[in-house]
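# Tertiary structure, described
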Amino acid sequence: MWASWSACALLLAWTQQPGPGADETQPKRPAVSSEWLQVDGGELPLVLSAPHGGVKLPAEWPVRSTGVKVRDTNTLELAIALREAIRARTGMAPFLVASRVHRRHLDLNRDRSESGANLGEPQLELWRSYHESIEEAARAALRLGKGRALLIDLHGHGHDHGLIELGFAISAERLRAATPLEEEAWVRGQGSLGARLDSLGLASVPSPTRPAPLAGQAYFNGGYTVRRHRGAGLRSIQIELPPHPRRLAAPQRQELVDGLADAIVGIVRDEFVLPGQNGDPGSTRELIWWGPGPDPWQAARPRSLERWAEEWPHAVTVFGVPVLFSRWVGPAHQRQVVDRIRRSWDRNADGVVDDLGSLHRLRRQGELLLVVERSNRPGSEADVPQPSWANPRILCWDQVQAWLDELETEGEPGN
Ligand SMILES: [Zn+2]
């Protein structure tokens with residue numbers, strides 16, 4: 001069910017252009033089968049890509065005659081687990097574009113001319129589709145991040161130094177040189193990805209303590225993907241995970257997944273925009289075109305969505321749950337409602353959900369909160385236009401706390 005939500009979010013994000021009264025348009029879908037390419041939609045200004053973790057060996061596809069053919073073991077599984085771990089923390093998922101096909105048939109982290117010397121049409125199609133999907137996802141991510149987004153390209157190296165290598169498309173020589181980098185803070189400052197991973201026990205290079213790989217130390221500085229997909233607000237980092245703990249069985253790998261998720265959520269929170277983080281509701285029209293997650297945005301036609309936007313003009317998603325306000329709810333009451341909800345799920349105000357139980361349940365049920373100014377106003381204000389959400393819940397602004405308290409006491413067995 002979660003998968004279908006996120007797919008819908010992406011479809012919606014991809015059909016973004018219509019303005020008021022526009023007709024429904026065809027979403028752009030990847031041209032190749034999902035058997036070869038996994039594409040999941042997202043709700044964060046963050047795209048994960050994984051080109052080398054696939055295991056499928058289509059019998060009829062030629063094997064590449066040159067280049068590296070070993071796969072980056074477990075990186076597809078890690079990318080999927082990382083997406084879930086990030087969703088668990090923020091209520092919102094990153095976009096994911098990952099190959100299911102073995103590198104023996106195609107290297108997606110190479111220029112097309114180098115991706116394989118003897119490629120057949122299906123491979124070329126996959127190569128095109130993979131990079132177009134990253135472009136589409138990045139466009140949607142940039143909209144979510146108000147013009148700024150991050151691409152993480154996930155890999156595994158076989159070097160024996162045990163470090164996570166972070167590739168910024170800057171050579172080891174340049175990192176070792178005495179002159180400061182143009183983007184010193186971003187690459188190896190106190191708030192850099194390397195610093196965050198180090199502090200979680202995942203030793204990385206570059207970082208404040210390891211500003212550059214040692215002379216002679218093996219290091220990947222970033223390949224085709226991070227070099228192609230960057231610029232105009234989009235930043236990209238290649239993460240190369242060491243063999244241990246990447247090759248552990250899934251339950252033992254979870255510590256690595258959690259560390260990566262904490263570090264990446266931190267950097268998105270601090271350097272980019274977590275949608276809805278500042279608590280101030282924006283325009284519902286904008287939220288509609290984002291596609292916050294639940295099906296109904298997608299199921300409804302833009303004309304009906306326009307009606308939604310008129311009836312409920314202010315909206316925000318709090319950890320992925322849409323909260324819409326009727327036009328009668330003033331800014332002070334809007335802010336109060338959002339603050340209460342946010343505080344209830346994130347007591348230490350670090351932008352990450354503390355307790356997932358009630359939030360998971362709400363998201364699973366497709367819950368949407370509709371906030372009105374006065375509960376006794378009949379008809380007009382509480383009129384929910386069709387088609388409605390799976391689970392629209394209408395609350396007066398001053399009933400929100402009671403609803404949150406109730407949620408907490410209900411708990412959730414077996415989550
Ligand atoms: Zn790789």
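The structure reproduced in this document is the subject of the present report. (Residues numbered from 1 in each chain as written. Predicted model: local features only at pLDDT ≥ 70, side-chain atom pairs only at ≥ 80, totals over all residues.)

## Quick look at helix α3 (residues 121-144)
Since one α-helical turn is 3.6 residues long, residues separated by three or four positions face the same way. Formally: In DSSP terms, a helix is any run of H or I states spanning at least four residues, a strand is any run of E spanning at least two, and both are numbered starting from the N terminus. A helix's residues, less one, multiplied by 1.5 Å, set its expected span.
End to end, α3 covers 34 Å across 24 residues, agreeing with the expected 34 Å (1.5 Å per residue, within 8%). Where α3 ends, the next residue or the one after it, Lys-146, has phi of about 55°, a positive value.

## Brief notes about the sheet that holds strand β7 (residues 234-241)
Short version of the rule: By the convention used here, strands pair only if DSSP detects at least 2 bridges between them.
On the basis of which strands lie adjacent, the open sheet formed by seven strands has the order β1-β3-β2-β4-β7-β5-β6 and mixed pairing. In this open sheet, the two edge strands, each paired with only one partner strand, are β1 (37-40) and β6 (204-205). Where strand β5 (residues 164-167) and β6 come together, two bridges link them in parallel fashion. Looking at the pairing, Glu-165 lines up with Val-205 of β6.

## Considering the packing of helix α2 (residues 75-90) against helix α9 (residues 250-271)
Put simply, the test is: Angular values range over 0 to 180 degrees, each being the angle between N-to-C directions of two axes fitted as lines to C-alpha atoms, with helices fitted over their stretch in contact. Here the word oblique covers every angle except those under 35 degrees (roughly parallel), over 145 (roughly antiparallel) and from 65 to 115 (roughly perpendicular). We call a crossing left-handed when the near helix sits turned anticlockwise from the far one by less than a right angle, and right-handed when that turn is clockwise. The contact rule is simple: place each C-beta atom from the backbone, and if two of them lie within 7 Å, those residues are in contact. Residue type decides the class: Asp, Glu, Lys and Arg count as charged, Ala, Val, Leu, Ile, Met, Phe, Trp, Tyr, Cys and Pro as nonpolar, and the leftover types, Gly among them, as polar.
In the contact formed by α2 and α9, the axes pass within 9 Å of each other and the chain directions differ by 55°. With respect to α9, the element α2 is oriented oblique. Considering how the two elements wind past one another, α2 and α9 form a crossing that is right-handed. Within the contact between the two elements, α2 uses Glu-77, Leu-78, Ala-81, Leu-82, Ala-85, Ile-86, Arg-89 and Thr-90 and α9 uses Ala-250, Arg-253, Val-257, Asp-258, Leu-260, Ala-261, Ile-264 and Val-265. Split into classes, the residues belonging to the contact of α2 with α9 amount to 11 nonpolar, one polar and four charged.

## Focus: the pairing of strand β3 (residues 95-99)
What counts, and what does not: Counting other C-beta atoms within 10 Å of a residue's own tells you its class, since 20 or more makes it buried, 12 or fewer makes it exposed, and anything in between is partly exposed; those C-beta atoms are placed from the backbone. Look down the strands so they point away from you; if going from the first strand over the helix to the second traces a clockwise path, that crossover is right-handed.
With five of its five residues buried, β3 lies for the most part within the structure. Across the two faces of β3 the burial is the same, with Phe-95, Val-97 and Ser-99 and Leu-96 and Ala-98 all buried. Inspection of the sheet shows β1 paired to β3 by four bridges, in the antiparallel sense. When the sheet's bridge partners are listed, Asp-40 is paired in β3 with Leu-96. Here four bridges tie strand β2 (residues 46-50) to β3, and the two strands are oriented parallel to one another. Across the sheet, the residue bridging to Ala-50 is Ala-98, located in β3. With α2 bridging β2 and its parallel neighbour β3, the resulting β-α-β unit is right-handed.

## A few points about the packing of helix α13 (residues 331-345) against helix α15 (residues 400-410)
At a minimum axis distance of 10 Å, the contact between α13 and α15 shows a crossing angle of 15°. When the interaxial angle is binned, α13 and α15 end up roughly parallel. Here α13 and α15 pass one another in a crossing that is right-handed. Counted together, Val-337, Arg-340, Ile-341 and Ser-344 of α13 and Val-400, Gln-401 and Leu-404 of α15 form the full contact between these two elements. The class makeup of the residues in the contact of α13 with α15 is four nonpolar, two polar and one charged.

## Topic: the environment of Arg-327
Among the structural elements, Arg-327 can be located in the loop between β10 (321-325) and α13. Separated by 18 residues in sequence, Arg-327 and Ala-309 place their C-alpha atoms 9.7 Å apart.

## Considering unusual backbone geometry
The peptide bond linking Val-205 to Pro-206 adopts the cis configuration, its omega dihedral lying at -5°. Tracing the sequence through the fold places Pro-206 in the loop between β6 and α7 (224-228). Here His-244 and Pro-245 are connected by a cis peptide whose omega angle stands at 10°. Along the chain, Pro-245 turns up in helix α8 (residues 243-246).

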